[in-house]
Amino acid sequence: MSAVMLPRKVTRKWEKLPGKNTFCCDGRVMMARQKGVFYLTLFLIIGTCALFFAFECPYLAVHLSAAIPVFAVVLFLFVMAMLLRTSFSDPGVLPRALPEEANFIEMEIEAANGNIQAGQRPPPRIRNVQINNQIVKLKYCYTCKIFRPPRASHCSICDNCVDRFDHHCPWVGNCVGKRNYRYFYLFTLSLSLLTIYIFTFDIVHVALRSVDSGFLNALKETPGTVIEVLVCFFTLWSVVGLTGFHTYLISLNQTTNEDIKGSWSGKNRVQNPYSHKNIMKNCCEVLCGPTYPSVLDRRGVMAEDSLSSTPSPPTSDVVATKSNPVTPNTKTTAPLIPNEHTPDEAKPSIAAAAQKTTKEEKVSSPRDSGPKVSPAPIVVKESAH
């Protein structure tokens, strides 16, 4: 028995995912395509901290305390870890519906809406669910062909539906959603502390040098301090303001998208069904809740890279195939059993067809077959296995 080796190429699922995301490291890193502002964020943080470590830290460690550069290094590493964790992770992208699922949903919608006359506008595709004794509408996404879960929204930049969508942040080069929101908040909080820390000790450094050599001479001795002060001064207000805004949202258990749209503060004054009416409970749910796994399975294998062996058919089967070629059977193998929806005049023909099928199986059994090989025994052998 010979074997034919058929190598197959490994295809990861991230290679076939729709949307406008980019993947690196074999699907482990997931980001948006527009990453120019993200590189600017890295340049500003790393550049400012490098100047601080080069000009201020040696002087402050000698004249004040050695703990100043140590704490700055720890804070810098934490900021970079939170930034990369936010930028390189799946924010909670929801998979799109398969063609079969999309067709089924379309059939359900058409059956629910009924026949719509020409010229009339079809009703909006929504579903109502009850959350904490309050009705919440689930909107239909025409791109992903799904009814979005509560608090989910479609990002026009990444072209994906994101669960608990907050906003798309170009500074981190990714969407901010259910799976990376806490890391985004910790990034903004730690970056605010780092900016205030560097800005404060820049002023202290210049003040200490001004006592000995004057203000202008102090600036000439440390030219990097001027750049640091300017960068920290202009970024301090935006970063601290952003941190305060998200602290306010976390205390209400609300997203930026909901706040902009006024989902819970509109004309109807609908209360937020996700809020616990307690600031501590809301903060614990958002920041200390469970870590949700990704539903994309980016590194899953679509075609397994294995060597498949195809055994050659026996000689008798080859002769039988040449003499009587077997046509592919496309009929269903479901038993012909009449049910309550079957008309009365069709039941006798179904019963006769079932009896005829039983007689043919008895005649074509392996025990009664002669030396001549026919297509019927082949079908029996395949069904036996």
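Here the structure is a predicted model, which means the values were calculated and not measured.

Novice: Before we move on, can you summarise the environment of isoleucine 105 with the specific residues and values?
Specialist: Here isoleucine 105 is to be found in helix H3 (residues 99-113). Distance from isoleucine 105 to phenylalanine 147, taken between C-alpha atoms, is 9.1 Å for residues 42 residues apart in sequence. Excluding anything up to four places from it in sequence, isoleucine 105 contacts Tyr140, Lys145 and Phe147.

Novice: Please provide a residue-by-residue account of the pattern of salt bridges, values included.
Specialist: Evaluated as defined, the whole model comprises five salt bridges. As a salt-bridge pair, aspartate 159 and arginine 96 come within 3.3 Å of each other at their nearest N and O atoms. Pair noted here: aspartate 159 is in the loop between strand E8 (153-155) and strand E9 (160-162) and arginine 96 is in the loop between helix H2 (67-87) and H3, with a separation of 63 residues, a long-range link. On the basis of relative accessibility, which here comes to 24%, the residue arginine 96 falls in the partly exposed class. We note a salt bridge from arginine 151 to glutamate 258, for which the minimum N-O separation is 2.9 Å. Of this pair, arginine 151 sits in the loop between strand E7 (146-147) and E8 while glutamate 258 sits in helix H7 (residues 256-261); the two residues are 107 residues apart in sequence, bridging distant segments of the chain.

Novice: Help me get a handle on the nonpolar core, residues and values and all.
Specialist: Counting residues in hydrophobic clusters, the biggest one holds 37 residues, and the most contacted among them are Ile45, Phe52, Leu83, Phe187 and Tyr197. Those elements that place two or more of their residues in this core are strand E4 (29-32), helix H1 (36-63), H2, helix H4 (181-213) and helix H6 (223-252). Residue contributions to this core peak at 11 residues, all from H4. Those residues in contact with phenylalanine 52 that sit more than four places away from it in its chain are Cys57, Ala72, Tyr197, Ile198, Phe201, Asp202 and Glu228. If you look at the next biggest cluster of nonpolar residues, it comprises 10 residues, including Met30, Ala32, Val93 and Phe165.

Novice: Lay out the pairing of strand E5 (residues 126-130) with the relevant residues and their values.
Specialist: Across five bridges, the pairing between E5 and strand E6 (residues 135-141) is antiparallel. Along E6, the bridge assignment pairs isoleucine 126 with lysine 139. If you look at the hairpin formed by E5 and E6, you'll find four residues sitting between the two strands, and asparagine 132 has a positive phi there, around 55°.

Conventions and cut-offs
Residues numbered from 1 in each chain as written. Predicted model: local features only at pLDDT ≥ 70, side-chain atom pairs only at ≥ 80, totals over all residues. Heavy atoms only, no water. Helix = DSSP H or I, 4+ residues; strand = E, 2+ residues; numbered from the N terminus. Contact = heavy atoms within 4.5 Å. Salt bridge = Lys/Arg side-chain N within 4 Å of Asp/Glu carboxyl O. Buried < 20%, exposed > 50% of the residue type's maximum accessible area, 1.4 Å probe, protein only. Core = buried A, V, L, I, M, F, W, Y, C linked by side-chain atoms within 4.5 Å. Pairing = 2+ DSSP bridges.

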